[in-house]
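# What the coordinates show
The residues making up each chain are set out below.
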Amino acid sequence: MRLESGIPSGPLKDKWDKHRFEMKLINPANKRKYSIIVVGTGLAGGAAAASFAELGYNVKAFTYNDSPRRAHSISAQGGINSAKNYQNDGDSIWRLFYDTIKGGDFRSREANVYRLAQVSTNIIDQCVAQGVPFARDYGGLLANRSFGGAQVARTFYARGQTGQQLLLGAYSALSRMIGAGKVEMHNRKEMMDIVLIDGVARGIVTRDLTNGKIESFEADAICLATGGYGNVFFLSTNAQACNVTAAFRAYKKGALFANPCYTQIHPTCIPVSGDHQSKLTLMSESLRNDGRIWVPMKKGDNRPPNQIPENERDYFLERKYPSFGNLSPRDISSRSAQEVCDEGRGVSVTGYGVYLDFEDAIGRLGKETIEERYGNLFEMYERITGDDPYSTPMQIYPASHYTMGGLWVDYNLMSTIPGLHVLGEANFSDHGANRLGASALMQGLADGYFVIPYTIANYLAQGKLDKAGTDHPEFKKAEQEVKEKINKFLSINGKRTPTSFHRELGQLVWDNVGMGRNEAGLRKMLEKIPAIREEFWDNLKVTGRSEDMNMVIEKAGRVADFLEFAEIMAWDALEREESCGAHFREEHQTEDGEALRDDEKFSHVAAWEYKGVGNKPLRHREELEFENVKLAVRSYK
């Protein structure tokens, strides 16, 4: 299969403008003749659904939550990047572009990343117009702070609630369109499958989570904005309901899955405290602006942190990466934390934690200033741990957070299935092998507000689609397959819950495709997953009925997909014989333990094609070309 990215010709800075001019348009009066399905109503999906409706399209939007306000985008804390250069500290569209390319360890497309940097400036204006309460400085101007991987302050924020405020802005725009009758909103409906007619995406099959009803919906184009697959690790910073199902069902229908081994481990999360946990809690990277990360110099030093003198502390990020210090990129910071803990110098009850200390910042700026910047984060930490971070350092440790891999899309955000577009974290397109902090919100809103409204018109204007109602045989076939799978869950009547299988799989994935990977571990994982999957289908216990609200059925379907998807992650990590960004193959590192890329063999996107359950998927390549940046060793020292 030849992967056509569709990147426009011409100079990098002109590609998007040139492309917008060359794309086909639809007369405003004709837009009402088209219908679009949007699955997922977080930042990318909510922004897209509202934008489509504003343009005149008929939109059907779907969320498995009870309201679009409950999308996981609401949990993002620290901020959103934009190249506004309000600080006058040397930022520019080009610098944001370069920082993002470098942050992704030169494993993303130049054209996509430059477009992202370009439209980032529009995002802030859009959100301010919606009433998003960004922080402001004393004079009333929008404030900025720094995030990892950058030496400028370009991150706009609303205390530690940025995702919530941005989502409420998108939700207000979406609600206006729901009220106007241009968006048909479907809450508590989970996408179970995608329907293709003559190879073109024409609809979806859903399950109503309140009563179990299986339904079909038809449209002229489909947009998936269903987030990432970080919950494959079981313990992650994602909400428990976050899953890979929508993207994975599209993959099984022919959409290629790109770079699934690129999973981001966030360096600042509250450490695991025991087997009782079902998720982990993120502490925003913004805290690293003022917090200093350290561990004791000596192994096994169990003294309270305030009793350890300054000369017996190792501020290891400041020591190893003096140029960026505590604001080193997430992958580097995470691995460094693991290294000192593996040496026996970690803190917390498990020994796997490091300190994030605000003593210096409070002494320099005062408690009130720190409270203004991070008050809700400090309160959340104290409620969870019982410790007051104003008087004693936080304990943090890396955890699964974001996924850079996703369904492969071209420059127009369309997958290898015609008509199926993929937005936000659900696609692979912009972050390479490691996402810079505060770039997820930027990509979600860029895709939803400023990219897909242009490119979907180009697709719809290409040719007239035949009318395909939900009585078409392909819809009926998909509905029957969904019902049969649910009945299979109920008929097994084994002894283990879906959660127990998820926990077992998650530990296996964390151990072998987490912060470090090696050939032996990946091969062991590929041997073990089929056995877990076989037991799942023999010994699963699903209680209740399919006709009721049944969260066990929901969980079973999502875990079934994770049990297949984890194999693709392992194959991708095994075949990528290099270290880059968050993909750290232990066999491929420099003498001082840094990631060692192989640009000659692996400067490409790996996109996997489904070949059946248990069979190795087929690996395709999209070569990456760098005409505007020079491939270099990624150094933050």
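Figured I'd write up the structure that's included with this text. (Residues numbered from 1 in each chain as written. Predicted model: local features only at pLDDT ≥ 70, side-chain atom pairs only at ≥ 80, totals over all residues. Heavy atoms only, no water.)

Moving on, we get to the sheet that holds strand β12 (residues 292–296). Taken in spatial order, the 5 strands of this open sheet run β11-β15-β14-β12-β13, and their pairing is antiparallel. The sheet is open, and its two edges are formed by β11 (263–269) and β13 (313–314), each paired on a single side. (Pairing = 2+ DSSP bridges. Helix = DSSP H or I, 4+ residues; strand = E, 2+ residues; numbered from the N terminus.)

A separate point is the layout of surface pockets. Estimated volume of the second largest pocket: approximately 600 Å³. Listed by contribution, the elements that provide at least two residues to the lining of the second largest pocket are β15 (394–403) and α13 (498–513). No other element matches α13, which puts 5 residues into the lining of the second largest pocket. (1 Å grid on protein atoms, 1.4 Å probe; cavity = no way out; pocket = protein on both sides within 12 Å on 5 of 7 lines; lining within 4 Å. Points joined across faces, edges and corners; volume = space filled by probe spheres on them.)

Once that is clear, we can look at the packing of helix α5 (residues 162–179) against helix α11 (residues 440–460). Here α5 crosses α11 at 10°, and the two axes come no closer than 11 Å. By the angle between their directions, the pair α5 and α11 is classed as roughly parallel. Residues Thr-162, Gly-163, Leu-166, Gly-169 and Ala-170 of α5 touch α11, and the partners they reach there are Leu-441, Leu-445 and Tyr-449. Broken down by class, the residue content of the contact of α5 with α11 amounts to 5 nonpolar, 3 polar and no charged. (Axes fitted to C-alpha atoms, helices over the stretch in contact; angles between N-to-C directions. Parallel < 35°, antiparallel > 145°, perpendicular 65-115°, else oblique. Contact = heavy atoms within 4.5 Å. Nonpolar A, V, L, I, M, F, W, Y, C, P; charged D, E, K, R; others polar.)

Tallied over the full model, the rule gives 10 cavities of 30 Å³ or more. Within this model, the largest cavity holds a volume of roughly 90 Å³. Contributing to the lining of the largest cavity are Phe-248, Tyr-251, Arg-533, Glu-564, Glu-567, Ile-568, Tyr-610, Gly-612, Val-613, Gly-614, Asn-615 and Pro-617. Looking at the lining of the largest cavity, the elements with two or more residues in it are α6 (245–252) and α15 (551–575). If you tally residues by element for the lining of the largest cavity, the top one is α15, at 3 residues. Looking at the lining of the largest cavity residue by residue, the class counts come to 6 nonpolar, 3 polar and 3 charged. A volume near 70 Å³ is recorded for the second largest cavity. Along its surface, the second largest cavity is lined by Glu-190, Met-192, Arg-207, Leu-209, Thr-245, Arg-249, Ile-553, Glu-554, Gly-557, Arg-558 and Asp-561. Broken down by secondary-structure element, the contributors of at least two residues to the lining of the second largest cavity are β6 (189–197), α6 and α15. Per-element accounting of the lining of the second largest cavity gives the leading share, 5 residues, to α15. The class makeup of the residues in the lining of the second largest cavity is 3 nonpolar, 2 polar and 6 charged.

On to the nonpolar core, then. Of all hydrophobic cores here, the largest spans 152 residues; its most connected members are Phe-52, Ile-80 and Leu-420. The biggest single contributor to this core is α15, with 14 residues. Excluding anything up to four places from it in sequence, Leu-420 contacts Ile-194, Ala-201, Ile-222, Leu-224, Ala-250, Ala-255, Leu-413, Met-414 and Ser-415. Counting residues in each nonpolar core, the second largest holds 29 residues, with Ile-270, Tyr-397, Met-515 and Tyr-636 among its members. (Core = buried A, V, L, I, M, F, W, Y, C linked by side-chain atoms within 4.5 Å. Buried < 20%, exposed > 50% of the residue type's maximum accessible area, 1.4 Å probe, protein only.)

All we've got here are geometric facts, nothing functional implied.
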